[in-house]
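Breakdown of the fold
One letter stands for each residue in the lines below.
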Amino acid sequence: MDAIRQHAREFIDARLAPAFPAKDGKQTPWGGHPVFRAQHATATCCRTCLQINHGIAKGHELSPRERAYVVDVICRWIEIESRHGSSRRP
Ligand SMILES: [Zn+2]
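Now for a quick tour of the structure. (Residues numbered from 1 in each chain as written. Predicted model: local features only at pLDDT ≥ 70, side-chain atom pairs only at ≥ 80, totals over all residues. Heavy atoms only, no water.)

Quick look at the overall build of the protein chain now. A count of helical and extended segments in the protein chain gives 4 helices and 0 strands. Counting from the amino terminus, helix and strand elements in the protein chain follow one another as α-α-α-α. Rg of the C-alpha trace for the protein chain: 13 Å, near the compact-globule value of 12 Å for 90 residues, within the 12% margin. Summarising its shape, the C-alpha atoms of the protein chain cover approximately 40 × 25 × 20 Å along the three principal directions. In the protein chain, which comprises 90 residues, the share counted as buried stands at 34%. At a minimum sequence separation of 6, the contacts of the protein chain that also span at least 24 residues come to 55%. Of the roughly 5,700 Å² that the protein chain leaves accessible, carbon and sulfur atoms contribute 54%. Averaging the positions of the 14 positive and the 9 negative side-chain charges in the protein chain gives two centres separated by 5 Å. (Helix = DSSP H or I, 4+ residues; strand = E, 2+ residues; numbered from the N terminus. Rg over C-alpha atoms; globule rule 2.2 N^0.38 Å. Buried < 20%, exposed > 50% of the residue type's maximum accessible area, 1.4 Å probe, protein only. Contact = heavy atoms within 4.5 Å. Areas by Shrake-Rupley, 256 points an atom, 1.4 Å probe, with all protein chains shown as cover. Lys, Arg positive; Asp, Glu negative; His and termini not counted. Charge placed at Lys NZ, Arg CZ, Asp CG, Glu CD.)

At 2.3 Å from the zinc ion lie its protein donor atoms, namely Cys45 (SG), Cys46 (SG) and Cys49 (SG). Taken in sequence order, the residues that donate to the zinc ion follow the motif C-C-x2-C. Residue Cys46 is classed as buried on the basis of its relative accessible area, which comes to 6%. (Donors = N, O, S within 2.8 Å, 3.2 Å for Na, K, Ca; no water.)

In this structure the tally under the stated criterion is 1 aromatic pair. A ring pair is formed by Phe11 and Phe36, whose centres lie 4.7 Å apart and whose planes are at 35 degrees; its orientation type is tilted. On the criterion of sequence distance, the pair formed by Phe11 in helix α1 (residues 2-16) and Phe36 in helix α2 (residues 34-41) is long-range, its members being 25 residues apart. Residue class for Phe11 comes out buried when judged on its relative accessible area of 17%. Given the relative accessible area of 7%, Phe36 is considered buried. (Phe/Tyr/Trp six-rings, centres within 6.5 Å; stacked < 30°, edge-to-face > 60°.)

Let us look at the nonpolar core. Across soluble globular proteins, nonpolar side chains show a tendency to be buried alongside one another. Counting residues in each nonpolar core, the largest one holds 17 residues, and the members touching the most others are Ile12, Val35, Leu50, Leu62, Val70, Ile74 and Ile78. Of all elements in the fold, only α1, α2 and α4 (64-84) reach the threshold of two or more residues within this core. Contacts of Ile12, omitting those with residues within four sequence positions, involve Ala17, Gln39, Leu62, Arg67, Val70, Val71 and Ile74. (Core = buried A, V, L, I, M, F, W, Y, C linked by side-chain atoms within 4.5 Å.)

Scope: geometric values only; no functional claims are made or implied.
Below, the structure written as structure tokens:
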């Protein structure tokens, strides 16, 4: 879980935290890493979803507090999912 949290932090810093992220709305792939799946499931995948679902306005760089919040949301979802996972691999 620590590794996942670290990855989540890196993805958020690189893809979500800038005031105007590159390719905003399409910066989060649909597969490849549990963090990406969690981002779509929790509406932390792009700044539009963050604004609509989490009340974090677009157009400013995410504060350390906002980044920590997003990482927490993602990690909580992954923890729950891994405990009750309906998407277990065969
Ligand atoms: Zn989105």
